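One-letter residues, chain by chain:
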Amino acid sequence: MALMERWYPASTAESWDKVGLILGDPARIVERIHLAVDPVSAVIDEAVNDGADMLITHHPLYLRGASFLPETDPKGSMVARLIRADIALFNAHTNADVAHDGVAHALADLVGLRDAEPLDHAGFDEDGRPIGLGRIGTVTPMSFGEFADLVASVLPAGPTGLLVGGDEHARIETVAVSGGAGDHFLDTARAKGADVYLTADLRHHPASEHLEGGAPYLLCASHWASEWPWLPRLASKLRTAAQEANVAISVEVSTIVTEPWTSYRQITPSRKTTSTPSGGLS
């Protein structure tokens, strides 16, 4: 818990967010740690089967208060299973998004951004490094289509793939990224001169209206895929810190795809449609 607070201070989380220890005894000894994006039933089953003492997730279990936790409720059932298995639950959400070496930083590194800085600057950490949501930097100049192929080759695979919007022949160099739902940064990415903006959960109307104005062109990944790359980085940090402290711990990273969608179908309508440059139909 001390390491997580040092790397991802709770004070840097958004005011609406819920971060920190959700369940568990801070005094209990931890030997096996499990990491995941979402605290969902399949992940809890995996943590229990792995014999974990602590589950660290990116997303919180609750963002709003709960008055009742019966086991007939899905979240009540998860709480009961974690308590019975004596597994602590801890999360770092927007405080991990903004951090140096956090969620946004991991996504920027994954797609090869150079000299990346926060897209939405929020100050500096205790070591004087800039923090904030998203990242913006440069890549080797290439076509937008080539960059889309690169992103598709390095993101973890999910059932929805990568949606592409824009002129795939255009040359690009400046790229903005933001893990998770990111259409609130469309204007910011444009104002900062991005040629491409990679994020997740883009809604139809904001994306369509944005592309009518040209660049940055859009890459829309799945929410889970855009945030999962942080987990191996966190695992490495925990293992290194434990080794330096001469503490024996095991850290495992869940690879369960915790999207709500489980598969993908290619749509084959009888009426032929064509895509416009902005992704609409004609």
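Please read these numbers as outputs of a predicted model, since none were measured by experiment. (Residues numbered from 1 in each chain as written. Predicted model: local features only at pLDDT ≥ 70, side-chain atom pairs only at ≥ 80, totals over all residues. Heavy atoms only, no water.)

Caption draft 1: Examining the overall build of the protein chain more closely. Within the protein chain, the secondary structure is distributed over 10 helices and 11 strands. Taken over C-alpha atoms, the radius of gyration comes to 20 Å for the protein chain, in line with the 19 Å a tight globule of 282 residues would show. On the principal axes, the C-alpha backbone points of the protein chain span a range of 60 × 50 × 30 Å. When each of the 282 residues of the protein chain is scored for burial, the buried share is 46%. In the protein chain, of all internal contacts separated by at least 6 residues, the share reaching a separation of at least 24 is 63%. Carbon and sulfur atoms provide 52% of the accessible area of the protein chain, an area that totals close to 14400 Å². Of the side chains in the protein chain, 21 bear a positive and 37 a negative charge, and the two mean positions are spaced by 3 Å. (Helix = DSSP H or I, 4+ residues; strand = E, 2+ residues; numbered from the N terminus. Rg over C-alpha atoms; globule rule 2.2 N^0.38 Å. Buried < 20%, exposed > 50% of the residue type's maximum accessible area, 1.4 Å probe, protein only. Contact = heavy atoms within 4.5 Å. Areas by Shrake-Rupley, 256 points an atom, 1.4 Å probe, with all protein chains shown as cover. Lys, Arg positive; Asp, Glu negative; His and termini not counted. Charge placed at Lys NZ, Arg CZ, Asp CG, Glu CD.)

Caption draft 2: Just the pattern of salt bridges, in detail. Under the criterion given, the structure shown has 11 salt bridges. Of the charged contacts in the structure, one is a salt bridge between arginine 84 and glutamate 71, with a shortest N-O distance of 2.5 Å. Of this pair, arginine 84 sits in helix α3 (residues 74-84) while glutamate 71 sits in the loop between β3 (54-57) and α3, and the two are 13 residues apart along the sequence. With relative accessibility at 59%, the residue arginine 84 sits in the exposed group. On the accessibility criterion, glutamate 71 (44% relative accessible area) is partly exposed. (Salt bridge = Lys/Arg side-chain N within 4 Å of Asp/Glu carboxyl O.)

Caption draft 3: How the structure looks around the domain arrangement of the protein chain. Considered domain by domain, the protein chain is made up of domain 1 (1-95 + 227-253) and domain 2 (97-223). The gap between the C-alpha centroids of domain 1 and domain 2 is 27 Å. Tallying the contact residues gives 16 residues for domain 1 and 17 residues for domain 2. Where domain 1 abuts domain 2, roughly 1300 Å² becomes buried across the two surfaces, and 57% of that area is made up of carbon and sulfur atoms. The three residues of domain 1 that bury the most area against domain 2 are Glu227, Pro229 and Arg233, which together make up 43% of that side's buried surface. Linking domain 1 with domain 2 are 3 salt bridges, by the criterion used here. Across the pair arginine 233 and aspartate 101 runs a salt bridge whose closest N-O atoms are separated by 2.7 Å. (Domains from an automatic or database assignment. Buried area = accessible area lost by both parts, 1.4 Å probe.)

Caption draft 4: Structural detail: the packing of aromatic side chains. This model, assessed by the stated rule, comprises 4 aromatic pairs. Seen from their ring centres, phenylalanine 144 and tyrosine 217 are 5.3 Å apart, and the 35° between their planes marks the pair as tilted. Here phenylalanine 144 is found in helix α6 (residues 144-154), whereas its partner tyrosine 217 is found in strand β10 (residues 217-221), with 73 residues between them in sequence. Per residue, the accessibility class of phenylalanine 144 equals that of tyrosine 217, and both read buried. Among the aromatic residues, ring-to-ring pairing joins Trp7, Tyr8 and Trp230 into one connected group. (Phe/Tyr/Trp six-rings, centres within 6.5 Å; stacked < 30°, edge-to-face > 60°.)

Caption draft 5: Summary view of the pairing of strand β6 (residues 130-143). In terms of burial, β6 is a largely internal element, 10 of the 14 residues being buried. Examined bridge by bridge, strand β5 (residues 114-124) and β6 share 6 bridges and lie antiparallel to one another. Note on β6: the bridge partner recorded for phenylalanine 124 is proline 130. Between β5 and β6, which pair antiparallel one after the other, the connecting turn spans 5 residues, and glycine 128 there sits at a positive phi close to 80°. Where β6 meets strand β8 (residues 171-181), 6 bridges bridge the pair, whose relative direction is antiparallel. In the strand pairing of β8, serine 143 is matched with arginine 171. (Pairing = 2+ DSSP bridges.)

Caption draft 6: Representation of the environment of valine 253 within the structure. For valine 253, the location among the structural elements is in strand β11 (residues 250-253). The spacing of valine 253 and valine 196 is 57 residues in sequence and 30 Å in space, taken between C-alpha atoms. Discounting chain neighbours no more than four positions away, the residues touching valine 253 are Leu35, Trp228, Leu231, Pro232 and Ala235.

Caption draft 7: Molecular detail of the side chain of threonine 199. Along the chain, threonine 199 turns up in strand β9 (residues 196-200). Polar contacts involving the side chain of threonine 199 include one to the main-chain carbonyl oxygen of glycine 180, which spans 3.0 Å. Within the structure, threonine 199 has its side chain in polar contact with the backbone nitrogen of glycine 182 (distance 3.3 Å). (Polar contact = N/O pair within 3.5 Å; in protein donor to acceptor, adjacent residues only side chain to side chain.)

Caption draft 8: Focus on a negative patch on the surface. A contiguous patch of negative charge, built from Glu146, Asp149, Asp167 and Glu168, is present on the exposed surface. Within the element layout of this structure, glutamate 146 appears in helix α6. Glutamate 146 gets classed as partly exposed once you look at its relative accessible area, which sits at 42%. (Patch = residues over 30% accessible without salt bridge, like charges linked within 9 Å, V, L, I, M, F, W, Y side chains within 5 Å.)

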